[in-house]
Amino acid sequence: MNLLWIMADQHRADCLGYMGHTVVQTPHLDRLASEGAVFEQAFCQSPVCMASRASLMTGRYPEAVRVRGMGLLPPQETTLSELLRRGGWRTGAFGKVHLTPEQYTLETLKSDVPTLDWRQFGEAAVLAPPVDDPCKENYGFESYEGCEDILQGHFRAWLGREAPELLEQRPQRVPLAGAPGDLWVSPYPSAYHQTTYIAKRTETFIRQQQRGRPWMAFCSFVAPHHPFEAPAEQIARYDEKAVPLPKAKGGVDGRFIPQPQVDALGEADRLSVEVRRRIVLHYLASISLIDDNVGRLVEALRDVGQLDETVIVYVADHGEFLGNHGLLRKPSLHYDETLRVPLMICGPGVEKGRRVSGLVELVDVYPTLAGLLGIETNAGVQGADWSAALGSGAMVGKEAINSSMFDMAPLVAGKPHGPYGACVTLRTAQWKLNLYPSAGRQYGQLFHLAEDPQESHNLYGEAAWAGVREEMTWHLVRRQHIQADSLPLRLTQY
């Protein structure tokens, strides 16, 4: 069985047609969703790119893989691509993998070309190399062509061959007073946008594969991650007046939020209605371009006669506030807008048209995909394998999910790096608790989700709910304890 793993960056769960959004145009993803299983309550392990991706690719929690916020995935960890490569699969990655640091690559290595060669970072990161093993090269990917937020060397080389006249084009700023600096119209039309480039490289890999040997293609888009940009023709698909404004919501009392996160409060509220609507418009237009290219990949599978032999997954690493709670982008405030993500799986072994309402975590994706492909996972995998349940109709879901963000200060000379700081979360179907472990016990959020699904009323400081807060705190401590790294395995008691 083949695997087409499609991933978006910062795509929130509700911005899809099949998740109920009334304006966004995602017909190809909607069609796939109707042919597979939709996880309506899927949550990331960290609302920041690298920690989430490291967890997603290994089936282990951020604490276990030692990627806390940003960092470097230690090569001792086993990725799904490595596991499949050992099992005989051809493996290729295209776009934003982001298991190695971008800024270090650009500023220290002086390269704008993404790399998965962990050896270039290992000494500076104080990582002991593993035994030399070809299956660990590039984290298990035999073919790789990257395109990341600030590392676009491969893309620009492709653009220079395909449309050299576009190389010197610059973004068109939106002419609205007070618009943030990362709101613009892309200088590239859809056919030459980074999203299309990533899909085309994935398509080429798919078409090159020979029947008889399975393959894995990891197609990972940079979009709809900020900047809030999209090609002009994608923006023109939408009636701007019909684009809904984000609900303000509440729950962001600054008395219960520490530095540096408190600095992010109210950013969206300070923007005009026109600017806020334009941000949402560009975000949705960016998703529509992803959807167009999902259609491209499905058509390629149909052309080569392998659509019925391929498991397809669509997922995002984390979400986006998009103006809810007065916030933009992804500061370390753990509301569902950044923790809840799209997750859809279709293909052989998956019941068609299924809607899974139980809580699941992205750490579960690795073992579930391995189960669907009929391959045994490695020791240390911490996620749950839902593959059998997806085919049998059995219940899917966990009692609670856990998400963590770690302090980013050590990365920038001991100073806070934007509105990112330590926050740990335990979320059940009924309750959510957010704590700030490096700030102080006076900071936190407690939401009664059964009565307040918008997370607008913070009960953390109210004496009437102290018992619930203490009970949730105990369960969070227990959860952090039991999901610590189980490797190396204990062989005897002494």
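Described in the following lines is the structure provided in the data block. All of these numbers come straight from a predicted model, not from anything done at the bench. In this convention, every chain numbers its residues from 1, walking through the sequence in written order. Owing to the predicted nature of the model, reporting of local features is limited to residues with pLDDT of at least 70; listing and counting of side-chain atom pairs is limited to 80 or more, with chain, interface and lining totals taken over all residues. Calculated side-chain values reflect all of the structure's heavy atoms, with hydrogen atoms and water omitted.

## Overview of the overall build of the protein chain
Part 1 of the reasoning: Strands here mean DSSP runs of E at least two residues long; helices mean DSSP runs of H or I at least four residues long; both are numbered from the N terminus. For the protein chain, the count of helices and strands is 14 helices and 16 strands.
Part 2 of the reasoning: For 494 residues, the compact-globule estimate of 2.2 N^0.38 gives 23 Å, and the protein chain sits close to it at 22 Å.
Part 3 of the reasoning: Here a residue-residue contact requires only that any non-hydrogen atoms of the pair lie within 4.5 Å. Counting contacts in the protein chain only where the partners sit at least 6 residues apart, residues at least 24 apart contribute 74% of the total.
Part 4 of the reasoning: Element-wise, carbon and sulfur atoms account for 51% of the exposed surface of the protein chain, whose accessible area totals about 19600 Å². Note on method: radius of gyration uses C-alpha positions; expected globular size equals 2.2 Å times residues raised to 0.38. Areas reported as accessible are Shrake-Rupley estimates using a 1.4 Å probe. Residue values count occlusion only from the protein chains shown.

## Notes on unusual backbone geometry
Part 1 of the reasoning: The linkage connecting Ala223 with the following residue, Pro224, adopts the cis geometry, with an omega of 0°.
Part 2 of the reasoning: In this structure, Pro224 sits in strand E7 (residues 215-224).
Part 3 of the reasoning: Pro488 follows Leu487 through a cis peptide bond whose omega is -5°.
Part 4 of the reasoning: Its location among the elements puts Pro488 in the segment after helix H14 (466-482).
Part 5 of the reasoning: We note that Glu455 has phi near 55°; this positive angle belongs to a residue other than glycine.
Part 6 of the reasoning: Inspection of the secondary structure assignment puts Glu455 in the loop between strand E16 (444-448) and H14.
Part 7 of the reasoning: Exposure categories follow from relative accessible area, calculated using a 1.4 Å probe and restricted to protein chains: below 20% of the type maximum is buried, above 50% is exposed, and the middle band is partly exposed. Classification of Glu455 as buried rests on a relative accessible area of 1%.

## Structural notes on the sheet that holds strand E8 (residues 228-230)
Part 1 of the reasoning: Two strands qualify as a pair provided DSSP detects at least 2 bridges between them. Overall, mixed pairing links the three strands, which are arranged E5-E6-E8 in an open sheet. The open sheet has two edge strands, strand E5 (172-173) and E8, and neither has a second partner.
Part 2 of the reasoning: Each of strand E6 (183-185) and E8 touches helix H10 (residues 273-303); the most contacted strand, E8, lies at about 50° to it. Orientation is described by lines fitted to C-alpha atoms, with helices fitted over the stretch in contact, and by angles between N-to-C directions that extend from 0 to 180 degrees.

## A look at the pattern of salt bridges
Part 1 of the reasoning: The salt bridge definition used is simple: a Lys or Arg side-chain nitrogen within 4 Å of an Asp or Glu carboxyl oxygen. Considering all chains together, one arrives at 33 salt bridges under this definition.
Part 2 of the reasoning: Where Arg86 meets Glu82, a salt bridge forms, and the shortest distance between an N and an O atom there is 2.9 Å. Taken as a pair, Arg86 and Glu82 lie in helix H4 (residues 80-86) at a separation of four residues, close to a single helical turn.
Part 3 of the reasoning: Take Arg86: its relative accessible area is 43%, and that puts it in the partly exposed class.
Part 4 of the reasoning: Taking the shortest distance from any N to any O, the salt bridge between Arg211 and Glu309 comes out at 2.6 Å. Taken together, the positions of Arg211 in the loop between helix H8 (194-208) and E7 and Glu309 in the loop between H10 and strand E9 (310-316) put the pair 98 residues apart, joining distant regions of the chain.
Part 5 of the reasoning: Under the relative-accessibility criterion, Glu309 is labelled partly exposed at 30%.

## Quick look at the packing of H8 against H10
Part 1 of the reasoning: Viewed as axis vectors pointing N to C, H8 and H10 meet at an angle of 10°, and their least axial separation amounts to 10 Å. When the interaxial angle is binned, H8 and H10 end up roughly parallel. Of H10, the residues touching H8 (which contributes Thr195, Thr196, Ala199, Lys200, Thr202, Glu203, Ile206 and Arg207) are Leu289, Ile290, Asn293, Arg296, Leu297, Ala300, Leu301 and Asp303. These descriptions rest on fixed angle ranges, namely under 35 degrees for roughly parallel, over 145 for roughly antiparallel, 65 to 115 for roughly perpendicular, and the rest for oblique.

## Considerations on the side chain of Gln483
Part 1 of the reasoning: Secondary-structure assignment places Gln483 in the segment after H14.
Part 2 of the reasoning: A residue is classified by how much of its surface remains accessible, and Gln483, at 4% relative accessible area, is buried.
Part 3 of the reasoning: Think of a polar contact as two N or O atoms within 3.5 Å of one another; within protein, one of them needs to be a possible hydrogen donor and the other a possible acceptor, and neighboring residues in sequence only count if both atoms come from side chains. Of the polar contacts made by the side chain of Gln483, one reaches the side chain of Arg479; its length is 2.8 Å.
Part 4 of the reasoning: When residues no more than four places from it in sequence are discounted, the contact partners of Gln483 are Tyr61, Glu63, Gln382 and Asn402.

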